[in-house]
Amino acid sequence: SNDEGGPSDERSVLDRLSLAYSSILLYRGRDAIPRYWEHAHKDIKRGLHRSGDQAFDDSFPVGRAERQIFQDVIEQTLGKDEKRFRVIRAIRIENSVVWGRYQKRAGKIMRRRGDCTYIGRGPPSTVRTFEGVPGLSEFTQDLDEDLCECYLWHGCTPQGALSIAHGGFAVDHQSKAGKRFGYGGYFAEDPCLADKYAGAGEGIYSDCFAMLLCRVVLGRQYHVREYKAEDTTDKAKDRYDSTLAEPKGSFTREFIAFGSDQIYPEYALVYERRAADEVEYDEVRRNLGAAGSDDTDDEDEHSGRPPYWFNSGTQGFFHDLCPAVTFEPVIQALMEDTWAKAFTLNRKGSRSGLALEADDPLGDLPEGLQVLKVLRIEDSQLWSEFSAGRGQIRDACEEHDEDIAIHPSVKTVSKLPAFAQERLDSGINEVYLWHGSSPAKVKEVAYSGFTQVFFVKDRGDFGPGAYFTEDAAHADEFSEDDKDGYYKGYYAMMLCRVVLGKPQYVDAPDFQAHTCVGQGREFDSTVGKVSASSGYRFRQFMVATRAQVYPEYAIIYERLHRDHRER
């Protein structure tokens, strides 16, 4: 119970929402969550809101064998175009909020339309293909033929695919630019047609393209035979759920869903374009294609990559974001064990935006943090740089043979379970430390692999460098929420491996401390103390080079206050 209202009121609203959704899901008469999903054991009724205790939003890499099945599907659904595609990466998208909206919309269509049938030349070719590809049923859900539910392709950029994966489709009801048959979500049964709408990616996905393999509830379809009819959706939306465009004389068809919630983007495929007779392809792309394979469990003896990584045995270049589902409880416990109910002048009120007053009259100091999502960043190039930097510090420490142990011990190490502590090289003061960030900055680090966002050039208590902390509360002070988008109102921090080597100890802010730190200098890092206005003393850890940092875990979380707050 809660005498002050707030969380209990929110709970009751969520319960009513869950009951409304559960009646729809039961009406549909099919599994609420696909049985092959990693989150199949969750209760969808408690995951319909992002703050629900059973909510999930994850993207899981598809292994090499399963990617080959997708390759076979594409080959069998290709039309007469001479283009060919090579799938180099695939992820499965598991999002309870988007899935719940999709189920709800399907239930409404069932009640309004009853049984629906495919029109024109019949079902999409993907329906027949999916029935004939061995092994495909192991990771696709049975479709509801009475709703004309099917899998269809949608071309986009790799970055666009990830954006849609997090927030679902957003059908624009206003703009008709480039929409031959009115507004809506456009899909194809032929990958070549979807590829025409795909765009090249950036960074590691340069020269790569993306397609989404989506579940789409077509429902009752409006038939169009003209080459162009931009007012179709406006004419058909009241009595129909989608448009089937079969222009006379054309071999290709397009399927246009009127509502965003009729679409569930289940798989995102990154691929290369190639000519039909092309055999050779870039080695880097081939190795990127091996990312996500779980064929080996042994650590790569040459690279020294962590054995628990999804890509521990992958040779060559890779960059992956892997949901660290089983490590989430460890992160949550570490946040709780390193949380101090104290603040420095960096803490700003979430309502006023001003520096927090010492007595915290508005209750702006959070009572704790709740982890929502943890991603493990696996980047071969960034890890190689980190390993090289770690090796240099190890050689220097062995040469001088000094006792460089940090006292007292670092909380973000001592509070970890033994198996996690054993990952670190204590002889060179390799530690885990927090770094306050934002979802936008985390995305930059996670997808671009650059650590420059950590570095402070013109501010910081101990001069220019990359700053970290052992206190979750102190890291949270430097965390920011996204002002819009899917993670609006949510915060982020990173748990990084940091090699401190030989530290210098500073008892108060010293803006010249950095002059003693770095390659060729006496110290490898600074361990400095800062005083909070509450009287609490925090330690900050500063390093000078990016090779001393590996941002291994990205954490999205929310702040917990004693009263309920709108995000």
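Residues numbered from 1 in each chain as written. Predicted model: local features only at pLDDT ≥ 70, side-chain atom pairs only at ≥ 80, totals over all residues. Heavy atoms only, no water.

Broken down by element type, the protein chain carries 14 helices and 19 strands. The proportion of buried residues among the 567 residues of the protein chain is 56%. Sequence-distant contacts in the protein chain: of pairs separated by 6 or more residues, those separated by 24 or more amount to 77%. For the protein chain, the exposed area adds up to about 25,300 Å²; of that, 47% sits on carbon and sulfur atoms. (Helix = DSSP H or I, 4+ residues; strand = E, 2+ residues; numbered from the N terminus. Buried < 20%, exposed > 50% of the residue type's maximum accessible area, 1.4 Å probe, protein only. Contact = heavy atoms within 4.5 Å. Areas by Shrake-Rupley, 256 points an atom, 1.4 Å probe, with all protein chains shown as cover.)

Take the pattern of salt bridges next. Side-chain pairs of opposite charge can arise whenever the charged atoms involved come near each other. Across all of its chains, the model carries 22 salt bridges by this definition. The partner of aspartate 43 in a salt bridge is lysine 45, with the nearest N and O atoms 3.3 Å apart. Residue class for aspartate 43 comes out partly exposed when judged on its relative accessible area of 23%. Residues glutamate 470 and arginine 539 are paired through a salt bridge, measuring 2.7 Å at the closest nitrogen-oxygen approach. In this pair, glutamate 470 is assigned in the loop between β14 (465–469) and α14 (472–477) and arginine 539 in strand β18 (residues 537–543), connecting sequence segments 69 residues apart. For arginine 539, a relative accessible area of 8% corresponds to the buried category. Each of Arg390, Glu430, Arg497 and Glu552 takes part in a single network of salt bridges with overlapping partners. (Salt bridge = Lys/Arg side-chain N within 4 Å of Asp/Glu carboxyl O.)

Right, let's get into the pairing of strand β2 (residues 83–95). Within β2, 11 of the 13 residues are buried, leaving the element largely enclosed by the surrounding structure. Two elements, strand β1 (residues 57–61) and β2, share 5 bridges in a ladder whose sense is antiparallel. Counted as the bridge partner of aspartate 57 is asparagine 95 from β2. (Pairing = 2+ DSSP bridges.)

A word on the packing of aromatic side chains. Enumeration according to the criterion identifies 21 aromatic pairs in this entry. Centroid distance tyrosine 102 to tyrosine 264: 6.2 Å. Interplanar angle 55°. Geometry classified as tilted. With tyrosine 102 in helix α3 (residues 96–113) and tyrosine 264 in strand β9 (residues 263–275), this residue pair connects regions lying 162 residues apart in the sequence. Here tyrosine 102 and tyrosine 264 have matching classes, each one buried. Each residue in the set Trp37, Phe56, Trp99, Tyr102 and Tyr264 is aromatic and connected to the rest through ring pairs, giving one cluster. A cation sits over an aromatic face here: arginine 423 above tyrosine 308, 3.7 Å from the ring centre. Taking NZ or CZ as reference, arginine 559 lies 3.8 Å from the ring centre of tyrosine 491, over its face. (Phe/Tyr/Trp six-rings, centres within 6.5 Å; stacked < 30°, edge-to-face > 60°. Lys NZ or Arg CZ within 6 Å of the ring centre and 35° of its normal.)

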